[in-house]
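One letter stands for each residue in the lines below.
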Amino acid sequence: MTTVARPRRSSALTVPAFRRLWIAGLVSDAGDWLMFIALPLVVLELTGSALGTSVAFLLELAPPVLLAPVTGRVADRLPRRLVMVVAMLAQAGSLLPLLAVRDRADLPLLYGVIVAHATFAAFFEPAKNAVLPALVGPDRAMSANALVGLNNDLGRIVGGPLGGALLAVAGLSAVVLVDIATYLVAAALVATLPRERVPRTARPAGPSHGGPLAVLADPASRAPIVVAFVAAVAQGLFLLLFVFFVTDILGGAEADVGVLRGVQAIGAIAAGVVLGVLGARLSVLRLTVAGSVIFTVLTAVTWNLSFVTHAMPVYLTLFAVIGAPGVLLGAGLTSLLQQASDDDRRGSAFAAFGLAQAAGQALGLLAAGALQGTAGTLPLLEVQATTYAVAAVLALIVLRPLSAHRHGGRNRTGAVGTLHPLAPERAGEHQGDAGRREDGEVVAAEAEADQDGPHRLGAEQQARPGG
């Protein structure tokens with residue numbers, strides 16, 4: 001009787017190629033936070049109004065919505081590594097005009113840079129999310145998504161303070177040059193990822209085979225996208241109302257706004273580390289549902305506790321904790337969509353995902369801006385908490401069937417023409433063979449791997465096994 005070895009469920013960081021991608025994301029996210037802190041301050045200085053800053057945020061949300069059909073098809077038809085590298089180089093180049101921004105007359109140029117930068121990011125995100133399952137294997141997808149999300153919080157801690165300091169000491173040009181450098185370093189790291197060997201026939205060829213509408217027609221793919229849209233509406237409400245909550249309701253200063261936003265990274269980082277290490281061993285569905293429910297409860301408690309106390313230490317604790325379930329929800333929805341979508345449509349699936357998130361945030365921002373003056377801050381925050389509750393109920397209803405769909409249907413992670421790890425039932429088949437494969441490493445049909453040596457994919461030799 002032959003015993004089949006069970007697949008290992010280790011962290012995604014055990015995969016050398018993913019380590020390089022993760023480091024690239026960390027460098028890039030730190031640079032993004034430099035600009036995320038600096039640009040709103042520059043816009044506010046040039047316009048003298050919060051409206052100008054709101055316009056900047058809305059412009060950033062437009063490309064993922066308008067370009068979703070295009071970005072998804074690009075990620076599904078072209079090698080995703082190439083798409084990511086070109087997108088990052090284009091993002092770096094799009095920042096160069098900011099070096100010429102001097103006064104209010106340059107505001108259209110600044111807005112144009114925001115649109116261009118967000119446009120190239122709209123191409124990068126679907127390609128990145130689509131390539132992860134093939135890079136680390138389906139069992140490590142949750143771990144990988146949590147670690148990718150962790151980069152945003154680590155980048156906030158590094159890039160946020162550095163962005164404000166650089167802007168104050170050396171001006172916008174210094175921020176721009178440092179951000180460009182981070183993109184160049186990240187692009188160089190991504191360029192070392194294994195080459196995809198995708199037959200042209202494996203990619204969708206007609207309008208009926210791809211795009212966000214085709215993705216939304218699939219119930220398994222539609223479910224996490226719908227939950228993400230509702231949660232994004234609540235997030236959009238939060239982005240604007242949070243400032244009023246701290247200053248008007250709690251009586252805090254502008255510094256308190258920054259501190260409370262910053263401490264959210266504590267829970268998010270803790271959850272990201274735990275999921276990054278243990279995520280491959282945990283149920284994605286249960287973590288996602290638990291994240292949505294806990295996030296809803298903590299949100300409602302936070303807003304309603306203001307009727308009892310305005311003590312800042314209480315809210316520091318709540319906002320530090322609330323980052324953790326947010327990571328569970330975000331990484332979980334991403335993982336479920338990766339599981340539910342075929343590889344040849346995964347780029348379109350994440351284009352639709354980005355469209356839903358951007359549209360939801362825009363709707364929330366617009367609603368908060370239009371209603372805050374008349375309805376008041378706390379009533380709208382109650383609506384925001386209720387919106388998260390709707391997302392949690394939807395998660396309980398529409399995500400649960402995905403478990404049966406995943407186990408009872410076809411395996412959607414290792415589609416024809418992609419680079420994929422061994423399926424679980426074959427994981428122990430070639431142990432001891434000269435051509436055995438390292439579990440979780442991306443391999444082509446002819447790829448040969450040695451546990452301690454570099455990995456050769458087709459004609460490409462991996463020269464940086466440690467990342």
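These numbers were taken from a predicted model, which means no experiment stands behind them.

Novice: I'm lost on the overall build of the chain in this one. Help?
Specialist: Regarding its fold elements, the chain presents 15 helices and 2 strands. By the burial criterion, 52% of the 467 residues in the chain qualify as buried. Taking the contacts inside the chain whose residues are at least 6 apart along the sequence as the reference set, 83% of them involve residues at least 24 apart. Within the structure as shown, the chain displays about 19700 Å² of accessible surface, and the carbon and sulfur contribution to it stands at 67%.

Novice: How should I be thinking about helix 13 (residues 346-375) in this particular structure?
Specialist: Think of an α-helix as 3.6 residues a turn; residues three or four steps apart then line up on the same face. Here helix 13 contains 30 residues, and its C-alpha end-to-end distance of 41 Å stays within 8% of the 44 Å for a straight helix at 1.5 Å per residue. At G369, helix 13 is bent by approximately 30°, the largest bend along its length. The first or second residue beyond helix 13 is G376, which carries a positive phi of 95°.

Novice: For this particular structure, what's the right way to read the nonpolar core?
Specialist: Taken as a class, soluble globular proteins show a tendency for nonpolar side chains to be buried jointly. Residues F245, F319 and L399 are the most contacted members of the largest nonpolar core, which totals 57 residues. In contact with F319, not counting residues within four places along its chain, are F238, F242, L260, V263, Q264, T302 and W303. In terms of nonpolar packing, the next biggest core, distinct from the first, is built from 55 residues, F124, V136, L150 and V176 among them.

Novice: Would you take a moment to explain the packing of helix 1 (residues 16-47) against helix 5 (residues 107-136) for this structure?
Specialist: Packed helices, taken two at a time, are described by their axes: the angle between them and the distance between them. Contact geometry for helix 1 and helix 5: axes closest at 12 Å, N-to-C directions at 160°. Classified by the interaxial angle, the pair formed by helix 1 and helix 5 is roughly antiparallel. Seen along the crossing, helix 1 lies across helix 5 with a hand that is left-handed. Contacts from A17, F18, L21, D32, L39, V42, V43, L46 and T47 of helix 1 reach helix 5 at L107, L110, Y111, I114, H117, L132, L135 and V136.

Novice: Help me out: how do you make sense of helix 4 (residues 80-94) in this one?
Specialist: The end-to-end C-alpha separation of helix 4 is 21 Å, in line with the 21 Å expected for 15 residues at 1.5 Å each. Counting buried residues along helix 4, 11 of its 15 residues qualify, which places the element largely inside the surrounding structure. Among the residues making up helix 4, those that are buried are R80, R81, V83, M84, V85, A87, M88, A90, Q91, A92 and S94.

Novice: What exactly am I supposed to notice about the environment of R400 here?
Specialist: Relative to the assigned elements, R400 resides in the loop between helix 14 (377-399) and helix 15 (401-408). Sequence separation of R400 and V289 is 111 residues, and the distance between their C-alpha atoms is 8.7 Å. Not counting residues up to four positions away in its chain, the partners in contact with R400 are L285 and A395.

Novice: Is there a simple way to think about the environment of Q384 in this case?
Specialist: Among the secondary structure elements, Q384 is positioned in helix 14. Residue Q384 is classed as buried on the basis of its relative accessible area of 1%. Considered as a pair, Q384 and G364 are 20 residues apart in the sequence and their alpha carbons are 8.8 Å apart. Other than its neighbours up to four places away in sequence, Q384 contacts A234, L237, F238, T299 and W303. In this structure the side chain of Q384 is engaged in a polar contact, spanning 2.8 Å, whose partner is the side chain of W303.

Novice: I tried to follow the packing of aromatic side chains on my own but got confused; where do I start?
Specialist: How two aromatic rings sit relative to each other is set out by the distance from centre to centre and by the angle between their planes. A full pass over the atoms with the stated rule returns 9 aromatic pairs. Look at F242 and F319: their rings are 5.4 Å apart centre to centre, the planes differ by 70°, and that puts the pair in the edge-to-face class. Placement of the pair is F242 in helix 9 (residues 219-249) and F319 in helix 12 (residues 312-340), with a sequence separation of 77 residues. Exposure class is identical for F242 and F319. Each is buried.

Novice: For this particular structure, what's the right way to read the environment of D139?
Specialist: Summarising the element assignment, D139 is placed in the loop between helix 5 and helix 6 (141-170). Note on D139: relative accessible area 16%, which makes it buried. Sequence separation between D139 and Q339 is 200 residues; the distance between their C-alpha atoms is 9.9 Å.

Novice: Teacher, can you tell me more about a nonpolar patch on the surface here?
Specialist: A cluster of nonpolar residues, V293, V297, V301, V393, L396 and I397, forms a patch on the protein surface that exposes about 470 Å² of accessible area. Within the residue set of the nonpolar patch, elements represented by two or more residues are helix 11 (284-304) and helix 14. Tracing the chain through its elements places V297 in helix 11.

Novice: Mind showing me how you'd approach the pattern of salt bridges here?
Specialist: A side chain with one charge may pair with a side chain of the opposite charge, provided their charged atoms come close. Throughout the structure, instances matching the rule amount to 4 salt bridges. The residue D343 makes a salt bridge to R80 at a minimum N-O spacing of 3.0 Å. Of the two residues, D343 is situated in the loop between helix 12 and helix 13 and R80 in helix 4; the sequence distance between them amounts to 263 residues. Residue class for R80 comes out buried when judged on its relative accessible area of 0%. Each of D76, R80, D343 and R346 takes part in salt bridges that share partners, so that together they form one network.

Novice: Please clarify how the packing of helix 4 against helix 5 should be interpreted in this entry.
Specialist: Running from N to C, helix 4 and helix 5 cross one another at 160°; their axes reach a closest spacing of 8 Å. When the axes of helix 4 and helix 5 are compared, the pair comes out roughly antiparallel. In this structure, helix 4 crosses over helix 5, and the sense of that crossing is left-handed. Contacts between helix 4 and helix 5 pair R80, V83, M84, A87, M88, A90, Q91 and S94 from the former with V113, A116, H117, F120, A121, F123, F124, A127, K128, A130 and V131 from the latter.

Novice: Mind showing me how you'd approach the side chain of D106 here?
Specialist: Here D106 lies in the loop between helix 4 and helix 5. Buried within the structure, D106 lacks any salt-bridge partner; its nearest side chain of opposite charge belongs to R102, at an N-O separation of 6.4 Å. Once residues within four sequence positions are removed from consideration, D106 is found in contact with A100 and V101.

The rules we used
- Residues numbered from 1 in each chain as written.
- Predicted model: local features only at pLDDT ≥ 70, side-chain atom pairs only at ≥ 80, totals over all residues.
- Heavy atoms only, no water.
- Helix = DSSP H or I, 4+ residues; strand = E, 2+ residues; numbered from the N terminus.
- Buried < 20%, exposed > 50% of the residue type's maximum accessible area, 1.4 Å probe, protein only.
- Contact = heavy atoms within 4.5 Å.
- Areas by Shrake-Rupley, 256 points an atom, 1.4 Å probe, with all protein chains shown as cover.
- Expected span 1.5 Å × (residues − 1).
- Bend = angle between axes of the 7 residues up to and from the residue.
- Core = buried A, V, L, I, M, F, W, Y, C linked by side-chain atoms within 4.5 Å.
- Axes fitted to C-alpha atoms, helices over the stretch in contact; angles between N-to-C directions.
- Parallel < 35°, antiparallel > 145°, perpendicular 65-115°, else oblique.
- Left-handed = near helix turned anticlockwise from the far one by under 90°.
- Polar contact = N/O pair within 3.5 Å; in protein donor to acceptor, adjacent residues only side chain to side chain.
- Phe/Tyr/Trp six-rings, centres within 6.5 Å; stacked < 30°, edge-to-face > 60°.
- Patch = residues over 30% accessible without salt bridge, like charges linked within 9 Å, V, L, I, M, F, W, Y side chains within 5 Å.
- Salt bridge = Lys/Arg side-chain N within 4 Å of Asp/Glu carboxyl O.
- Lys, Arg positive; Asp, Glu negative; His and termini not counted.

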